[in-house]
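Okay, here's what each chain looks like letter by letter:
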Amino acid sequence: MPHNRSAKKRLRQNVKRNVANKKMQSMLKTAVKKVEEALAGDLEAAKAEALLKAAFKRIDKAAKADVIHKNTASRKKSRLALKFAKRIKKAPVPAEGAVQQGAQPASPPPAQA
């Protein structure tokens, strides 16, 4: 147990943050699980897409609050999007700035003289 005032306060803060972080982590897992269950079942594409957007929002909020690392958030979102695209039969949208197969990369701007 803490002996001085600052250590007691730190303990109170840690307990409070721990509760908040556990709640956010639980909501994140629930949102991801709902999307995966929707994709496993026969759910309409519109409803599944709404669940996917909600899961993305939870993932982003958890990353912003440092409950999960930003790269972990990115990985989770990517994997969910791939599962969604595969299940709903949509073509995956290329990332911004990515070169598509068979496409020529953009030529650099002409040099100024």
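Just above, that's the structure.
Residues numbered from 1 in each chain as written. Predicted model: local features only at pLDDT ≥ 70, side-chain atom pairs only at ≥ 80, totals over all residues. Heavy atoms only, no water.

**Things to note about the environment of Ala54**
Part 1 of the argument: Locating Ala54 in the fold gives a position in helix H2 (residues 45-64).
Part 2 of the argument: Between the C-alpha atom of Ala54 and that of Val35, which follows or precedes it by 19 residues, the distance is 9.0 Å. (Helix = DSSP H or I, 4+ residues; strand = E, 2+ residues; numbered from the N terminus.)

**Looking at H2**
Along an α-helix, a turn takes 3.6 residues, which lines up residues three or four apart on a common side.
Part 1 of the argument: When the terminal C-alpha atoms of H2 are compared, their 28 Å separation across 20 residues agrees well with the 28 Å that a helix rising 1.5 Å per residue should span.
Part 2 of the argument: Turning to H2, the residues buried within the fold contact helix H1 (5-40) and helix H3 (70-88).
Part 3 of the argument: Immediately downstream of H2, the backbone of Asp66 shows phi near 60 degrees, a positive value. (Expected span 1.5 Å × (residues − 1). Contact = heavy atoms within 4.5 Å.)

**Thoughts on the nonpolar core**
Part 1 of the argument: Within the largest apolar cluster, 16 residues are counted, with the highest numbers of intra-cluster contacts made by Leu28, Val35, Leu39, Ile59, Ile68, Leu80 and Phe84.
Part 2 of the argument: When residues of this core are traced back to their parent elements, those giving at least two are H1, H2 and H3.
Part 3 of the argument: At six residues, the largest contribution of residues to this core is made by H2.
Part 4 of the argument: Non-local contacts of Leu39, meaning those with residues more than four positions away in its chain, are made with Ala48, Lys83, Phe84, Arg87 and Ile88. (Core = buried A, V, L, I, M, F, W, Y, C linked by side-chain atoms within 4.5 Å. Buried < 20%, exposed > 50% of the residue type's maximum accessible area, 1.4 Å probe, protein only.)

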